[in-house]
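# Residue-level structural notes
Given next are the chains, with one letter for each unit.
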Amino acid sequence: MMLIRKSRGWEISERLATPEAVMLGRRAALGAVVGGVGSIAMAGSAKAQFYKLFGADGGGTPDKPRKPLTAAANEAYKPGRAITDEAQATTYNNYYEFGLSKSVHGAAQALVTEPWTVEFTGMLDKPFKIGFEDILKKMTLEERVYRHRCVETWAMTVPWVGFPLAKLVEMAKPSSGAKYVVFTTLADPKTMPGLGQRFYPWPYTEGLTMQEAMNELPFISVGMYGKTLPAQNGAPLRLTLPWKYGFKSAKSIVKIEFTDKRPTSFWESLQDQEYGFWANVNPAVPHPRWSQATETLLGSDERVKTQIWNGYGEFVASMYTDKTKEKLFV
Ligand SMILES: Nc1nc2c(c(=O)[nH]1)N[C@H]1C(S)=C(S)[C@@H](COP(=O)(O)O)O[C@H]1N2
Ligand SMILES: [Mo]
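Now for a look at the structure at hand. (Residues numbered from 1 in each chain as written. Chains lettered and ligands numbered in written order. Predicted model: local features only at pLDDT ≥ 70, side-chain atom pairs only at ≥ 80, totals over all residues. Heavy atoms only, no water.)

### A word on the overall build of the protein
When you go through the protein residue by residue, the secondary structure sums to nine helices and 12 strands. Relative to its full complement of 330 residues, the protein shows a buried share of 57%. Here the contacts in the protein between residues at least 6 apart in sequence split such that 75% fall between residues at least 24 apart. Entry remark: accessible area of the protein is about 14,300 Å², with carbon and sulfur atoms responsible for 56%. (Helix = DSSP H or I, 4+ residues; strand = E, 2+ residues; numbered from the N terminus. Buried < 20%, exposed > 50% of the residue type's maximum accessible area, 1.4 Å probe, protein only. Contact = heavy atoms within 4.5 Å. Areas by Shrake-Rupley, 256 points an atom, 1.4 Å probe, with all protein chains shown as cover.)

### Side note on the pairing of strand β1 (residues 117-122)
Relative to strand β2 (residues 128-131), β1 runs antiparallel, the two being bridged by four bridges. In the strand pairing of β2, Glu119 is matched with Lys129. Where β1 folds back onto β2 in an antiparallel hairpin, the turn is made up of five residues. Where β1 and strand β10 (residues 253-259) come together, four bridges link them in parallel fashion. (Pairing = 2+ DSSP bridges.)

### Observations regarding the sheet that holds β10
If you trace the five strands from one edge of the open sheet to the other, you get β2-β1-β10-β5-β6, paired in mixed fashion. The outermost strands of the open sheet, each flanked by one partner alone, are β2 and β6 (205-209). Along the sheet, successive strands turn relative to each other by an average axial angle of 20°, direction set aside. Pairing geometry for strand β5 (residues 180-185) and β10, over six bridges, is antiparallel. Within β10, the residue paired with Val182 across the bridge is Glu257. (Axes fitted to C-alpha atoms, helices over the stretch in contact; angles between N-to-C directions.)

See below:
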């Protein structure tokens, strides 16, 4: 199946550099299939179950229509390289809730994004819930072309439509004692077959310091390529943190919490030696199991040099000058 499929260039990098999926997920998924266990009801043959878990049926289901969503381009963040083909960016994904392969776009069409509510909780003036459409009404949309660098060494360049995370934080009015903001992703066992893998610490969570959250770069994306987000890229709203490894950019956010305790994220709680809190891109600091010196752009076979802070040092490096003892690049 997956292993004998003919690879295109960028899929080779997946095979070589997805050891976390290989080590943790795929083995666990195979166990689940062979053992017939799993918390979700899965009708059909073992093969169908296999495809469900891996999201390998991705090609079969076309994307739901996306609404046009355009906004004025903010030119302050020059990507310095060509925009990735939309077809690549929307068919080569990491969204483990829908399966462990890169081809989860079909499976992800089961995501229900209307209605969508985001809960604000923890250390803030007054906890509240707000509908996605009501958030949009309060925000001024802009387009930003950002580089994206996955810890697995693939990369892309995407025109996102959205608004600064700082605006959302301001709207929530966190209390002065809040030091971190934590993002929680939807975890719906009815539509997300990946949740059947009990091995993973669902729901997917990620966090930032308040200082990071208020920096100008963190972006809440609600669209890409002039349209609303496809399910597989994290509809209806996701984080976009261009100087950090991609796993920090949590998708399909349902909860935002302010706290004074540093959170432990999904990946950190699985393997803290490999996926830490900071996860800032640095070509000079290898992942424990592979080099981070170069990356493959989706749609190309070539490897190009990775830049420290993924090229965004002028905006973010100053936040870390007093943290030299921290594991900033894991
Ligand atoms: N909820 C959730 N968010 C997630 C992930 C995930 O599996 N689940 N994968 C992360 C990883 S590893 C990357 S590289 C990016 C991929 O975003 P993309 O599919 O839009 O390229 O999403 C991040 N956000
Ligand atoms: Mo990633």
